[in-house]
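Take a look at the letters that make up each chain.
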Amino acid sequence: MMKSKSLKWFGVFCIYCLIMACNVNSGKSGVQQTPAADTAKIDGCKDAVRVKLGDILELKLNAIPGSGYQWLLKDSAKLLQLLDADSLKFSRPDVENPAPGRPGFQFLHFKAIKKGNEVLNLEYKRTWEKDIEDQCRINVEVY
Amino acid sequence: MKPKLIIAWLVALLLISPAGFSQGNPQNDGQKGKKSQQDKDNDAKKLNGQGQQEFAKANADFKKVNNPSFDISANNEVNNVADKKNLHGISGAPNDADADKQDNENKKNEKQISDKLKAEKNIAGASLDAGGKGGGKQPSASTTGVGAAWTDGSFWATYMAVPTRNQGGCGSCWAFAACGAFEHTYKYMFGATLDLSEQDVVACGMSSCGTTDAGSCGGGWSDRALSWMTCRGVASEAAYNYTATSGPCYSKPVYKKAYTWGRVPYYDGTYRKEWIKYYLTIYGAVTTYMRAGLSTFYSYAGGVYNGYPNQGGWGNIDHAVTIVGWSESLQAWLIKNSWGPTWGFNGYAWVGYNQCNIGYYCYFVYPNQ
């Protein structure tokens, strides 16, 4: 009797652990979690940007989704961490039935992880070509 | 007690099943499901000597891709790629019921086009007036698959010998798709390779002989470009080089003109893709709008792209390309992109039938010789 009761509680404990494990895992499997930190939204390529440590920096840059070009980080940033593993996030033009080839925007998200100053180097290019179509350099201060 | 214990353990097993931990979301941004190693091994076992050779080439190409977001697996269709003509795909005519739903404009033109086709060239198994004689039967797609056949030089030399173009950083895909359809159809019908001026279309193109701007580097419409080619014609690339700019428009001599153009029947349903195949059989190429702003599509370098199932239909498009063939075994369209020859395989790609919103807007063009 005692043995089966223990087994029962062991089973309940296992289920609880598995449910907790699933909840933790779902955060890593593509479900976007709302960042607790504030987000500094930057529209276009600015000369300089100040971001508070722990905050999110959102860059919105001009891009044509149907052209094959995308904004890529040239050098790895030390003070900022690129948040999206897949950084190719375009917004659709704000019109009904936009014409194919119409320019839109690409969004990049960074988290400020260390205080200091650095230059964020971004290149607008195709990954399969050497040529660079456009560049964006932003002096970032994390305070 | 025991039944409760069993239920508890069953629930526990259910929770640790792989579905509970699935990664990626096909509705999101193009994550593609992967075959298991066992499935891949089974596919590879089906290959004969020629198939293994083709697959080895495809694998070699695949290894050149940095951090691929997709996978490739063996396809036994590559065991026999001798019948090159079938690689393009030949389709039967769609049935009566659907023929009635065609665009009125197309219908008006059909008889004229048919007569012209007959007079100029008899295209195997496909005359427009054959449409509607299916007696209500479902159209049959007797296409042979292609697999990794793009590595076969003679296929490209015979059917696809129209160089891949590059639109650069200008949003002129719509003009490239229109010129691409014209060039491929011309090659398919008359055997000659043309190089039309996309710049002429981008800078000067107007629909309906001058009422509406066809587009610019800020986007545009392939149908309007085809309308312009029919009304006014288009200059040669030699006369009007591509500069990836919206203008200005310079008046250059007309090099080629279209006899007519039209829209492939576009309603949703079982026969939509059959109509596209039917028009491909006749014209060799059609333009299509699609959704391409996807990281997985950007990084495509071979195999069949199945990374973005159709969603949002009509409005969810950002790009224009040319469809130049299809494969039943791959369940995919062969598209020609305008991102240069180093994207995809020689600038082309296989895209699954129900992917990227391809096929909602397709246009054909019939060039004058």
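Check the entry above for the structure.
These lines cover the structure that appears in this document, whether it is placed above or below. (Residues numbered from 1 in each chain as written. Chains lettered and ligands numbered in written order. Predicted model: local features only at pLDDT ≥ 70, side-chain atom pairs only at ≥ 80, totals over all residues.)

**A closer look at the sheet that holds strand β8 (residues 116-125) of chain A**
All names here are of chain A.
Consideration 1: Ordered by their spatial adjacency, four strands build an open sheet running β2-β9-β8-β4, and the pairing between neighbours is mixed. Since the sheet does not close on itself, it has two edges, and those belong to β2 (48-51) and β4 (70-73), each with one partner. With strand direction ignored, the average angle separating the axes of adjacent strands in the sheet is 30 degrees.
Consideration 2: With four bridges joining them, β2 and strand β9 (residues 132-142) adopt parallel strand pairing. When the bridges of β9 are listed, Val 51 appears paired with Val 142. (Pairing = 2+ DSSP bridges. Helix = DSSP H or I, 4+ residues; strand = E, 2+ residues; numbered from the N terminus. Axes fitted to C-alpha atoms, helices over the stretch in contact; angles between N-to-C directions.)

**Some remarks on unusual backbone geometry**
All names here are of chain B.
Consideration 1: Residue Pro 248 follows Gly 247 across a cis peptide bond; omega there is 0 degrees.
Consideration 2: By secondary structure assignment, the location of Pro 248 is in the loop between α9 (222-231) and β5 (258-263).
Consideration 3: Despite not being glycine, Gln 331 shows a phi value in the positive range, around 55 degrees.
Consideration 4: Along the chain, the position of Gln 331 falls in the loop between β8 (319-327) and β9 (332-336).
Consideration 5: Positive phi values are uncommon outside glycine, yet Asn 346 reaches one of about 55 degrees.

**Focus on the nonpolar core**
Consideration 1: Ranked by internal contacts, the top residues of the largest apolar core, which has 75 residues, are Ala 178, Ala 225, Tyr 279, Val 286 and Val 365 of chain B.
Consideration 2: The biggest single contributor to this core is helix α7 (residues 173-190) of chain B, with 11 residues.
Consideration 3: The contacts of Val 286 of chain B, once residues within four sequence positions are left out, are Ala 181, Val 264, Ile 276, Tyr 279, Leu 280, Ile 323, Cys 362, Tyr 363 and Phe 364 of chain B.
Consideration 4: Of all hydrophobic cores here, the second largest spans 20 residues; its members include Val 51, Ala 63, Tyr 69 and Phe 110 of chain A. (Core = buried A, V, L, I, M, F, W, Y, C linked by C-beta atoms within 7 Å. Buried ≥ 20, exposed ≤ 12 C-beta atoms within 10 Å, placed from the backbone. Contact = placed C-beta atoms within 7 Å.)

**Considerations on α7 of chain B**
Residues and elements named next belong to chain B.
Consideration 1: Spanning 18 residues, α7 covers 25 Å between terminal C-alpha atoms, matching the ideal 26 Å at 1.5 Å per step.
Consideration 2: In terms of residue burial, α7 counts as a mostly covered element, since 16 of its 18 residues are buried.
Consideration 3: Following α7 by one or two positions, Gly 191 has its phi on the positive side, about 85 degrees. (Expected span 1.5 Å × (residues − 1).)

**Concerning the pairing of strand β3 (residues 56-63) of chain A**
Residue and element names in this part refer to chain A.
Consideration 1: Where strand β1 (residues 39-43) and β3 come together, five bridges link them in parallel fashion. For Ile 42, the partnering residue across the bridge sits in β3 and is Leu 59.
Consideration 2: Bridge count between β3 and strand β7 (residues 104-112): eight bridges; the pairing is antiparallel. By the bridge assignment, Glu 58 is partnered in β7 with His 109.

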